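Here are the chains, one letter per residue:
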Amino acid sequence: EMPMEELYVFGTGNAQATRCYNTCFAIKGGDEYFMVDAGGGNGILRILEDMNVDLCHIHNIFVTHEHTDHIMGIVWMVRMVAAAMKKGKYEGELQIYCHQGLVDTISTICRLTIQGKFYKMIGSRIFLVPVEDGETVHILDYDVTFFDIMSTKAKQFGFTTTLKNGRRFTCAGDEPYNAECRPYVEGSDWLLHEAFCLYRDREIFEPYEKHHSTVKEACELAEELSIPNLVLWHTEDKHLAERKSLYTAEGREYYHGNLLVPDDGEIIPL
């Protein structure tokens, strides 16, 4: 009997969110985590603590792109893992996957901000692993296929993988779906998609100017592609207490599958 994989939701906010953490997450399989992004700061460390995620069970991290709200938390992960390694508390290696352009970016930020004794772990036990568009890498027990989401801003990769239960799980990044990515997204059982705000609030938050979508567009897409499970995040944080109910209500008008609008710290069975 295979243990049920779970989606650990570390953060759900966009770059400007201060009332919740920036969007990042992990897939838990067995007692290991495949972590995706780390948000914008050391808040990630407290979230991992609060969710009882042991740093020593994170050996694989994927960084989607270079924006502040996705990459600065990685510096803290490198810092803490390197310290744990030096103390003999962390076994094995940490692999950080990213597109080729990010290797130098991550290395440079770490070099400029982390003590030499920790920074030296990069290249010895912490590895920045470049991945290509369309490349499949075996991570934990999964074949993970990375793809370029065709961002209009910084180059960004998403990924798709098949879970132990046979379900396809796809992370489409933090920009609206591009039809060129259809081969990767179509047929997914789980789709993680950004929704900057409610459609009705588009005048307030101006999602389109920032090249983001609203709940309406994300839900229309999932309906069109017959996606059974849709997770919406990377949102504004102006009415967090009502976000789940408001986003779910708007989404139901356009999408008839299982719609999830998680809060930070939620664990979702996959």
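Just above sits the structure.
Quick look at the structure, then. Since we're looking at a predicted model, the values are computed, not measured.

### As for the overall build of the protein
Along the backbone of the protein there are eight helices and 14 strands. The C-alpha atoms of the protein give a radius of gyration of 18 Å, which matches the 18 Å a tight globule of 270 residues would have. Counting only C-alpha atoms, the protein reaches 55 × 40 × 35 Å along its principal axes. Among the 270 residues that make up the protein, the fraction classed as buried is 55%. For the protein, the share of sequence-separated contacts (at least 6 apart) that also reach a separation of at least 24 residues comes to 61%. Charged side chains of the protein number 25 positive and 42 negative; the gap between the two group centres comes to 7 Å.

### A word on the sheet that holds strand β11 (residues 190-194)
On the basis of which strands lie adjacent, the open sheet formed by seven strands has the order β7-β8-β9-β10-β11-β12-β13 and mixed pairing. Whereas interior strands pair on both sides, the edge strands pair on one side only; in this sheet they are β7 (136-139) and β13 (258-260). Across the sheet, the mean angle separating the axes of adjacent strands is 20° when strand polarity is ignored.

### Examining the pattern of salt bridges
Enumeration over the complete set of coordinates arrives at 10 salt bridges. E224 is the salt-bridge partner of R182, the closest N and O atoms lying 3.5 Å from each other. Of this pair, R182 sits in helix α5 (residues 182-185) while E224 sits in helix α7 (residues 215-224), and the two are 42 residues apart along the sequence. Overall, R182 belongs to the partly exposed group, its relative accessible area being 31%.

### Here's the deal with the environment of T105
Here T105 lies in helix α3 (residues 100-113). Separated by 34 residues in sequence, T105 and I71 have C-alpha atoms that sit 9.3 Å apart. Within the structure, the side chain of T105 is placed 3.3 Å from the backbone oxygen of G101, a separation counted as a polar contact.

### What to know about the packing of helix α2 (residues 68-86) against α3
Between α2 and α3, whose axes approach to 10 Å, the crossing angle comes to 60°. In this view, α2 runs oblique relative to α3, as classed from their interaxial angle. Viewed along their axes, α2 and α3 form a crossing whose handedness is right-handed. On α3, the residues that touch I71, M72, I74, V75 and V78 of α2 are L102, T105, I106, I109, C110 and T113. Of the residues belonging to the contact of α2 with α3, the class tally is nine nonpolar, two polar and no charged.

Each value, and the rule that gives it
- Residues numbered from 1 in each chain as written.
- Predicted model: local features only at pLDDT ≥ 70, side-chain atom pairs only at ≥ 80, totals over all residues.
- Heavy atoms only, no water.
- Helix = DSSP H or I, 4+ residues; strand = E, 2+ residues; numbered from the N terminus.
- Rg over C-alpha atoms; globule rule 2.2 N^0.38 Å.
- Buried < 20%, exposed > 50% of the residue type's maximum accessible area, 1.4 Å probe, protein only.
- Contact = heavy atoms within 4.5 Å.
- Lys, Arg positive; Asp, Glu negative; His and termini not counted.
- Charge placed at Lys NZ, Arg CZ, Asp CG, Glu CD.
- Pairing = 2+ DSSP bridges.
- Axes fitted to C-alpha atoms, helices over the stretch in contact; angles between N-to-C directions.
- Salt bridge = Lys/Arg side-chain N within 4 Å of Asp/Glu carboxyl O.
- Polar contact = N/O pair within 3.5 Å; in protein donor to acceptor, adjacent residues only side chain to side chain.
- Parallel < 35°, antiparallel > 145°, perpendicular 65-115°, else oblique.
- Left-handed = near helix turned anticlockwise from the far one by under 90°.
- Nonpolar A, V, L, I, M, F, W, Y, C, P; charged D, E, K, R; others polar.

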